[in-house]
Amino acid sequence: MSEGLMTEREWRRQYVRRVGKRSNCWGAQCWRPRPRWTQSRRCRMLLLAGAWTAALLLPMLVPRGTAREYNLPLAAEAAVPSSRPRSSAIAYALPEGMVCTRQIVTKEQLLRGKLLLLDETHPLPAGAPSPNTLSIARYGNGMAPVNDLTIKSGKETIRALTRLFAALRGSGTDGLWISRGTLTPLEQRERRLSRFRVLAASHSLQEAAERACQETDTPGCGELLQEYTVDVTAPPDAERPLEETPRGRMLMQTAWRYGFVVVSRSRDGARLRYVGEAHAAAMTCLGLDFAEYLDFLHRHRQVLIRPTGAVGYWIVCQPMQGKYTEFSLPESTAQEVSLDNLGYAVAACTLPVTSTPP
């Protein structure tokens, strides 16, 4: 009896030697597993034939729809509005029937204006009020993208920026953000020193100092001292500057509709200045930059701009008259006044729709 007994290990060796292949085993009970249906050649052929049949019949069963364009920046480029308003209506007199009244403006009001020329030779005038700034990220409720939460600007500028970036997003343009806003003279100095330290790591001290002075504003000078200027930046493009890219063209062609003009450009960004919708429309319609526009106003003294058939802007310029300046402006109009830092005062009026002929 004991001779007929064997261990499981001995039994497995004899079985494998006999069948030539190890099988699945549970204890002493062994069996050959049945092949799955997916391993059957016939099933595989049926599945392949069904897949080909579905691929051929699917286009005929699904109704055709309108093709969609998902390349938003390039698609938006074809529908970009013109960089200039569609208007040939530039006049130098008010429409008939407009009644004007005398308006007296103080120098303090003029110094708060948006047309001050600020550069190396034209510093901020004495008596100019300090900028009243807020965080762009906080006051703009995150609608104007920034690369630093400490960037600040004025209330009017932030409101206009939120509308501008909303329009850009609506047209499929993204990848733009605000990289710089209002700066104090101390912040300008710190920025210049920081830039010098970065350049000094790869250039001689003289070259680093020269480039730092070229790339940054002199402390106490420049447009960033007021609350109306911001720098807008995009990812750098090695092949072309920002203004030649689809997003750059859309920015340049849309900014004027929200009161911004481009005052300078760099390879990966642009400096925008908020001058109000009246002056932005006038500069764009006339095809003039900021300095050329001021010279135009000095020569012509008054101009009527109609960028569309529904809106008109009456702009008057005259020499500054001491502490007070008197304008003759149309009644019942929204008015903005400013000093230009060149000895002239400028007033812009938004005319009622009924007084602006098509």
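The text that follows walks through the structure, step by step, so that each part is easy to find. What you see as residue numbers is a count from 1 along each chain, following the sequence as written. A pLDDT threshold of at least 70 governs which residues receive local features in this predicted model, and a stricter bar of 80 or more applies before side-chain atom pairs are shown or counted, although totals over entire chains, interfaces and linings include all residues. Excluding hydrogens and water, the side-chain figures rest on all heavy atoms present in the structure.

Here a cavity is any set of points on a 1 Å grid over the protein atoms alone where a 1.4 Å probe fits but cannot get out, and a pocket is any open set with protein on both sides within 12 Å along at least 5 of 7 lines; a residue lines the site when it has an atom within 4 Å of a point. Grid points are joined across faces, edges and corners, and a volume is the space filled by probe spheres set on the points. What the rule picks out here adds up to 1 cavity of 30 Å³ or more. Its volume calculated, the largest cavity comes out at about 40 Å³. Taken together, Leu183, Gln188, Arg191, Thr216, Asp217 and Leu224 make up the lining of the largest cavity.

Take the layout of surface pockets next. The calculated volume of the largest pocket comes to roughly 1100 Å³. In terms of lining, the largest pocket is formed by 41 residues, of which the most central are Val262, Val263, Ser264, Arg265 and Arg271. The helix count covers DSSP runs of H or I at least four residues long, the strand count covers runs of E at least two residues long, and both are numbered beginning at the N terminus. Looking at the lining of the largest pocket, the element that brings in the most residues is strand E9 (residues 260-266), giving 7 residues. Classifying every residue of the lining of the largest pocket gives 15 nonpolar, 11 polar and 15 charged. Here the second largest pocket is characterised by a volume of approximately 190 Å³. Asn147, Asp148, Thr150, Ile151, Lys152, Ser179, Arg180, Gly181, Thr182, Leu183 and Glu187 are the residues that line the second largest pocket. Polar here means any residue other than Ala, Val, Leu, Ile, Met, Phe, Trp, Tyr, Cys and Pro, which are nonpolar, and Asp, Glu, Lys and Arg, which are charged; Gly is therefore polar. Tallied by class, the residues present in the lining of the second largest pocket amount to 2 nonpolar, 5 polar and 4 charged.

The subject of this paragraph is the side chain of histidine 298. Its location among the elements puts histidine 298 in helix H11 (residues 290-300). When a residue's accessible area, from a 1.4 Å probe over protein chains only, is under 20% of the maximum for its type it is buried; when over 50% it is exposed; and in between it is partly exposed. With relative accessibility at 16%, the residue histidine 298 sits in the buried group. Contact between two residues is taken to exist if any of their heavy atoms lie within 4.5 Å; hydrogens are not considered. Sequence-distant contacts of histidine 298, defined by excluding residues within four places in its chain, comprise Cys317, Asp340, Leu342 and Tyr344.

Of the positions making up H11, those classed as buried are Phe290, Tyr293, Leu294, Phe296, Leu297 and His298. Buried residues along H11 sit against E9, strand E10 (269-274), helix H10 (277-286), strand E11 (302-305), strand E12 (312-319) and strand E15 (344-351). Contacts described as polar in this section are N or O atom pairs within 3.5 Å, which, within protein, must combine one atom able to donate a hydrogen with one able to accept it, while residues neighboring in sequence count only if both atoms come from side chains. Sitting at the head of H11, aspartate 289 places a side-chain oxygen 3.4 Å from the backbone nitrogen of alanine 291. With its phi angle positive at about 70 degrees, arginine 301 sits one or two positions after the end of H11.

A carboxyl oxygen of Asp or Glu within 4 Å of a side-chain nitrogen of Lys or Arg is what we treat as a salt bridge. Using the criterion set out here, one finds 14 salt bridges in the structure. In this structure, the salt-bridge partner of aspartate 217 is arginine 271, at a minimum N-O distance of 3.4 Å. With a gap of 54 residues between them, aspartate 217 in the loop between helix H8 (205-215) and strand E8 (229-233) and arginine 271 in strand E10 connect regions that are remote in the sequence. One salt-bridge network, held together by shared partners, links Arg180, Asp217, Asp231 and Arg271.

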